[in-house]
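Structural overview for review
Take a look at the letters that make up each chain.
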Amino acid sequence: MKNLSAMAFGFAGSQILYAATKLGLPEVLARGPITADALAARVEADPDALRRLLRALVVLDVAIEIPPDRYALSAFGQPLREGHPRSIRSSVLLLGDPATWQAWGALTSAVRTGETAWDHVHGRPLFEHLASSQELSGIFNTAMREGTGQVAEFVRIPGRTVVDVGGGNGTLLAAILARHPDAEGVLFDSAEGTADAPAVLRDVADRCRIENGDFFDAVPDGDVIILKGILHDWDDDTCVRLLRGCRKSLRPGGRLLVIEPVMPGSLSAPEASGVVMSDIAMLVYTGGRERTQPEFAALLAAAGFTLTQVSERLGGSPIRVVEAAGD
Ligand SMILES: C[S@@+](CC[C@H](N)C(=O)[O-])C[C@H]1O[C@@H](n2cnc3c(N)ncnc32)[C@H](O)[C@@H]1O
């Protein structure tokens, strides 16, 4: 049953996960039961305060207590570890980071004024902020990667040269090229975005190149242009600008694949809560939004594309592939 007080206190759960992850507790707790004092010495924390944090992790089912005073990571808590196949470690670090935290604190102001909360709090847009903060940029890039690789198995690649525009560290492109041995790829993003890409693309390096640049200036030519998690970062006019550039670079007969959540027509749809929460996150972070299928069709038409099909939700997530052809 829904509980309003628990909802209002939700920030505490988020910061408890953040503190545990920032202190490196999941990795140590995963090695086997350890006393609070020994753990405090290992991670350089105050023993009493750490014991209290551990109790919180136990009641949240993230850790288990082996009485009288030993603790271990639970099965539920495993994805907090780095290297876990479904790791959410970087997402937890990104969501709990003081910069993200402050931006969420300005949601009221964003709703009042329509101004992006991040810009209001930090005085500049998220991607400019990331360009000057190597640590946050590294966390952001890894957080974007979490969950991205799995999408590749659902993506149809109708063409030879695949350009992943805003493709970050190349996780999606690496997975696509691994599944399509005849395809070649171009990863296009800012220099900060692709910082870790050479390592991620190592196994397909002979069929792939990395290009850095501003996707509002121009994007590389290709038979398949992918925009995953990109349009929802921007307002409509900015999206049309980016899409016109993609239209120019799409080779004859090529396809544009927009891969991101699609806002359902009804709020009672099973994916609605995930898409709506993501839409609020866009109001906080970037000034973008989640869009309905007719909204995507209108944006695409304004840039010279025709929406040809929309996939089912990928693996039960709110994400779909919106496919378009050049007019
Ligand atoms: C939300 S992330 C999505 C990353 C990746 N496509 C994924 O889904 O995991 C947005 C990406 O756009 C890149 N980006 C933002 N503004 C850009 C610009 N003007 N030119 C090129 N890349 C940009 C960022 O560096 C980042 O990698």
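Residues numbered from 1 in each chain as written. Predicted model: local features only at pLDDT ≥ 70, side-chain atom pairs only at ≥ 80, totals over all residues. Heavy atoms only, no water.

1. Notes on the overall build of the protein
The line we're drawing: Under the DSSP-based scheme used, a helix requires at least four consecutive residues in state H or I and a strand at least two consecutive residues in state E, with every element numbered from the N terminus. Note on method: radius of gyration uses C-alpha positions; expected globular size equals 2.2 Å times residues raised to 0.38. Exposed residues in this analysis have more than 50% of their type's maximum accessible area, buried residues have under 20%, and partly exposed residues fall in between, with area computed by a 1.4 Å probe over protein chains only.
For the protein, the count of helices and strands is 17 helices and ten strands. Radius of gyration (C-alpha) of the protein: 21 Å, near the 20 Å computed for a compact globule of 327 residues. Taking the principal axes of its C-alpha atoms as reference, the protein extends roughly 70 × 50 × 40 Å. Burial status across the protein gives 46% buried among its 327 residues.

2. Notes on the site of the ligand
As a reminder, the rule being used: By convention in these notes, a residue is near a molecule or strand provided one of its non-hydrogen atoms lies within 4 Å of it. Two N or O atoms count as a polar contact when they lie within 3.5 Å, although within protein this holds only if one can serve as hydrogen donor and the other as acceptor, and sequence-adjacent residues are included solely when both atoms are side-chain atoms. Only the protein chains shown count as cover for residues, and the accessible areas themselves come from Shrake-Rupley with a 1.4 Å probe. Polar here means any residue outside two lists: the nonpolar Ala, Val, Leu, Ile, Met, Phe, Trp, Tyr, Cys and Pro, and the charged Asp, Glu, Lys and Arg; Gly therefore counts as polar.
Taken together, 19 residues are adjacent to the ligand, and Gly166, Asp189, Asp214, Phe215 and Lys228 come closest. Note that a nitrogen atom of the ligand is positioned 2.7 Å from one of the backbone N or O atoms of Gly166. The side chain of Asp189 places a nitrogen or oxygen atom 2.7 Å from an oxygen atom of the ligand. Protein coverage of the free-state accessible area of the ligand, which is 600 Å², stands at 90%. By residue class, the composition of the shell around the ligand is seven nonpolar, eight polar and four charged.

3. What to know about the domain arrangement of the protein
Heads up, the condition is: Segmentation into domains, and thus their bounds, comes from an automatic or database assignment. In what follows, residue pairs with any heavy atoms lying within 4.5 Å of each other are defined as contacts. Buried area is calculated as the accessible area (1.4 Å probe) missing from two parts once they are joined, with the contributions of both summed. Salt bridges are identified by distance alone: a Lys or Arg side-chain nitrogen within 4 Å of an Asp or Glu carboxyl oxygen.
As far as domains go, the protein holds domain 1 (4–80), domain 2 (89–141) and domain 3 (150–326). Taking only C-alpha atoms, the centre of domain 1 and the centre of domain 2 are 26 Å apart. Contacts between the two partners involve ten residues from domain 1 and, on the opposite side, eight residues from domain 2. Both faces combined, the contact of domain 1 with domain 2 buries some 780 Å², and carbon together with sulfur accounts for 64% of it. Counting the surface domain 1 buries against domain 2, the share from its top three residues, Gln15, Tyr18 and Thr21, is 55%. Taken together, the connections running from domain 1 to domain 2 amount to one salt bridge. Of the charged contacts in the structure, one is a salt bridge between Lys22 and Glu135, with a shortest N-O distance of 3.6 Å.

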